[in-house]
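# Secondary and tertiary structure notes
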Amino acid sequence: MKLHCEVEVVSRHLPALGLRNRGKGVRAVLSLCQQAPQSQPRPGAGAERGGPPPPCLLVSTLKDKRGTRYELKGNIEQFFTKFVDEGKATVRLKEPPVDICLSKANSSSLKSFLSVVRLAHRGCDVEAPLSPLTSVKTSEFEKFKTKMVITSKKDYPLSKNFPYYLEHLQTSYCGLVRVDTRMLCLKNLKKLDLSHNHIKKLPATIGDLTHLQELNLNDNHLESFSVALCQSTLQKSLRSLDLSKNKIKALPVQFCQLQELTDLKLDDNELICFPFKIGQLTNLRFLSAARNKLPFLPSEFKNLSLEYLDLFGNTFEQPKILPVIKLQTPLTLLESSARTILYNRIPYDSHIIPFHLCEDLDTAKTCVCGRFCLSCFIQGITTMNLHSVAHTVVLVDNMGGTEAPVISYFCSLSCYVNSCDMLK
């Protein structure tokens with residue numbers, strides 16, 4: 001039985017000598033080994049006469065493949081397992097007086113391994129398969145790989161799992177039609193590149209990859225980006241997202257909850273609109289949405305502060321002279337109450353009010369004055385020079401233009417009149 005993790009062996013004599021431990025673990029393979037009959041265990045820890053010798057713990061590292069052996073029977077002073085769900089634990093031995101500190105282990109494998117170690121400590125029969133007391137092969141340490149790049153079907157692993165400690169995984173040109181569930185077990189993953197495949201839908205469990213910072217889905221068959229992913233732990237981790245060369249027509253309103261995004265690529269899709277709250281992506285610095293079907297930009301687009309912007313090849317419309325007027329006097333009870341809730345930032349969710357009302361509040365328009373409106377507003381379209389939101393702007397057409405139409409909303413006639421200059 002083996003466990004792959006990082007190990008630090010700390011002598012409890014160091015503080016008395018005025019010394020400190022290194023404070024950093026090394027990659028190691030822990031093995032529960034069957035001792036050879038001629039091995040002489042320490043006094044009091046041996047097997048019963050005529051019985052098999054008790055198992056021992058072998059800690060092997062890349063520099064010391066033969067490993068260091070530790071007796072287990074009656075030799076464990078204490079287990080520290082408070083953080084076992086995080087892949088961490090410590091085994092305190094009596095002789096020698098050391099603490100074996102384990103970290104970065106698979107939590108389920110760690111729990112199983114510690115259970116067997118407890119049995120060995122108590123002198124009980126161990127039913128788990130024991131490893132021979134031999135040097136660990138170099139191939140065992142390949143399981144600690146942090147980067148794997150696969151760019152063809154023939155190299156794609158079908159019969160074995162991905163190394164558990166991967167931080168960067170690329171599987172391009174592999175003909176994948178769905179995300180391999182084995183990838184979703186890689187809890188240390190920071191960069192996932194699934195470009196140039198045939199993936200049509202993303203599982204919500206991608207949101208369980210709590211350390212994921214870069215996600216590349218370029219050149220697939222995606223038609224949407226789910227709300228579940230927008231509301232997952234990706235909100236706090238995802239920095240870069242590439243959705244280029246897919247079939248996406250729109251992104252959900254909740255997409256703007258991915259507020260750690262700095263790079264967003266949406267080229268060569270079928271986008272007909274941006275999320276109208278895109279201005280909430282305050283960390284966004286690189287935005288590319290060339291060759292889509294955008295007729296205009298949302299009003300909150302002007303709140304962005306970009307370093308690079310590419311909107312070339314979109315079907316931008318010419319601003320209409322007359323505005324669209326949807327005012328009602330007096331305001332309906334729904335409109336009035338919705339404006340009050342949003343203006344005063346009163347919390348709401350589907351446990352308090354019906355779900356369809358939550359959707360209405362989530363999609364409320366923002367007036368140029370900063371107030372909100374639901375279905376009672378004036379809509380106008382003006383042009384905006386894209387240099388006002390980005391330092392570097394790719395021309396929007398072959399005529400050398402850097403202007404694009406922006407849709408604006410007004411909560412009342414007075415707001416529209418006061419802002420009429422911007423609509424000229």
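The rules we used
Residues numbered from 1 in each chain as written. Predicted model: local features only at pLDDT ≥ 70, side-chain atom pairs only at ≥ 80, totals over all residues. Heavy atoms only, no water. Helix = DSSP H or I, 4+ residues; strand = E, 2+ residues; numbered from the N terminus. 1 Å grid on protein atoms, 1.4 Å probe; cavity = no way out; pocket = protein on both sides within 12 Å on 5 of 7 lines; lining within 4 Å. Points joined across faces, edges and corners; volume = space filled by probe spheres on them. Nonpolar A, V, L, I, M, F, W, Y, C, P; charged D, E, K, R; others polar. Salt bridge = Lys/Arg side-chain N within 4 Å of Asp/Glu carboxyl O. Buried < 20%, exposed > 50% of the residue type's maximum accessible area, 1.4 Å probe, protein only. Contact = heavy atoms within 4.5 Å. Patch = residues over 30% accessible without salt bridge, like charges linked within 9 Å, V, L, I, M, F, W, Y side chains within 5 Å. Areas by Shrake-Rupley, 256 points an atom, 1.4 Å probe, with all protein chains shown as cover. Phe/Tyr/Trp six-rings, centres within 6.5 Å; stacked < 30°, edge-to-face > 60°. Lys NZ or Arg CZ within 6 Å of the ring centre and 35° of its normal. Expected span 1.5 Å × (residues − 1). Pairing = 2+ DSSP bridges. Axes fitted to C-alpha atoms, helices over the stretch in contact; angles between N-to-C directions.

### Digging into unusual backbone geometry
Note that the residue after Glu95, namely Pro96, is joined by a cis bond; omega there is -10 degrees. Going from Thr329 to Pro330, the amide bond is cis rather than trans, its omega being -5 degrees. Summarising the element assignment, Pro330 is placed in the loop between strand S17 (324–326) and helix H4 (333–343). Its identity is not glycine, yet Arg291 carries a phi of approximately 55 degrees, on the positive side. Within the secondary structure, Arg291 is located in the loop between strand S15 (286–288) and strand S16 (306–310).

### Some details on the layout of surface pockets
In this model, the largest pocket occupies a volume close to 630 Å³. Elements with a contribution of two residues or more to the lining of the largest pocket: H4 and helix H5 (355–362). For the lining of the largest pocket, the element with the highest residue contribution is H5, accounting for five residues. Among the residues forming the lining of the largest pocket, the class breakdown is 10 nonpolar, nine polar and six charged.

### Observations regarding the pattern of salt bridges
Taken as a whole and judged by the stated rule, the model has 10 salt bridges. Of the charged contacts in the structure, one is a salt bridge between Glu77 and Arg12, with a shortest N-O distance of 3.7 Å. Here Arg12 lies in the loop between strand S1 (2–11) and strand S2 (26–34) and Glu77 lies in strand S5 (residues 76–80), a separation of 65 residues in the sequence. Overall, Glu77 belongs to the partly exposed group, its relative accessible area being 46%. Between Lys154 and Asp155 there is a salt bridge; the shortest N-O distance is 3.5 Å. Judged by its relative accessible area of 72%, Lys154 falls in the exposed class. Take Asp155: its relative accessible area is 43%, and that puts it in the partly exposed class.

### With respect to the side chain of Thr402
Position of Thr402 among the secondary structure elements: in the loop between strand S21 (390–394) and strand S22 (403–410). Once residues lying within four places of it in the same chain are set aside, the contact partners of Thr402 are Met384, Asn385, Leu386, His387, Val393, Leu395 and Val396.

### Considerations on a nonpolar patch on the surface
Together, Ile325, Leu327, Leu413 and Val417 make up an exposed nonpolar region whose accessible area comes to about 370 Å². Along the chain, Ile325 falls in strand S17. The exposure class assigned to Ile325 is exposed, which follows from its relative accessible area of 58%.

### With respect to the packing of aromatic side chains
If you walk through the whole model with that rule in mind, you get six aromatic pairs. Between Tyr156 and Phe162, the aromatic rings sit 6.0 Å apart at their centres with planes inclined by 75 degrees, giving edge-to-face as the arrangement. With a centroid separation of 5.6 Å and 80 degrees between ring planes, the pair formed by Phe225 and Phe255 is classed as edge-to-face. Residue Phe225 is found in the loop between strand S12 (214–216) and helix H2 (227–230), and its partner Phe255 is found in the loop between strand S13 (240–242) and strand S14 (263–265); the two are separated by 30 residues along the sequence. We note Arg118 situated over the ring of Phe79; from NZ or CZ to the ring centre the distance is 4.5 Å. The positively charged end of Arg371 is found above the aromatic ring belonging to Tyr343, 4.4 Å away from the centroid.

### A word on helix H1 (residues 107–122)
Taking 1.5 Å per residue, 16 residues should reach 22 Å; H1 reaches 23 Å between its end C-alpha atoms and fits that length. On its buried face, H1 is in contact with S1, S2, strand S3 (55–61), S5, strand S6 (89–93) and strand S7 (98–103). Phi turns positive one or two residues past the end of H1, at Gly123, with a value near 80 degrees.

### Some remarks on the sheet that holds S15
Pairing is parallel across the open sheet formed by nine strands, whose spatial order is S9-S10-S11-S12-S13-S14-S15-S16-S21. In this open sheet, the two edge strands, each paired with only one partner strand, are strand S9 (147–150) and S21. Strand-to-strand, the axes of this sheet are offset by a mean angle of 5 degrees, without reference to chain direction. As paired elements, S13 and S14 share three bridges and run parallel to each other. When the sheet's bridge partners are listed, Asp242 is paired in S14 with Lys265.

### Points about the environment of Val227
One can find Val227 in helix H2. Judged by its relative accessible area of 32%, Val227 is partly exposed. C-alpha separation for the pair Val227 and Gln257, spaced 30 residues apart in sequence, amounts to 9.8 Å.

### Structural notes on the sheet that holds S22
Taken together, three strands build an open sheet; the order of strands is S17-S20-S22 and the sheet is antiparallel. The open sheet has two free edges, formed respectively by S17 and S22, since each of these has just one partner strand. If you compare each strand with its neighbour and ignore which way they point, the axes differ by 30 degrees on average. Where S17 meets strand S20 (residues 377–385), three bridges bridge the pair, whose relative direction is antiparallel. Bridge assignment links Val324 to a residue of S20, and that residue is Gln379.

Don't take any of this as a statement about function, it's just geometry.
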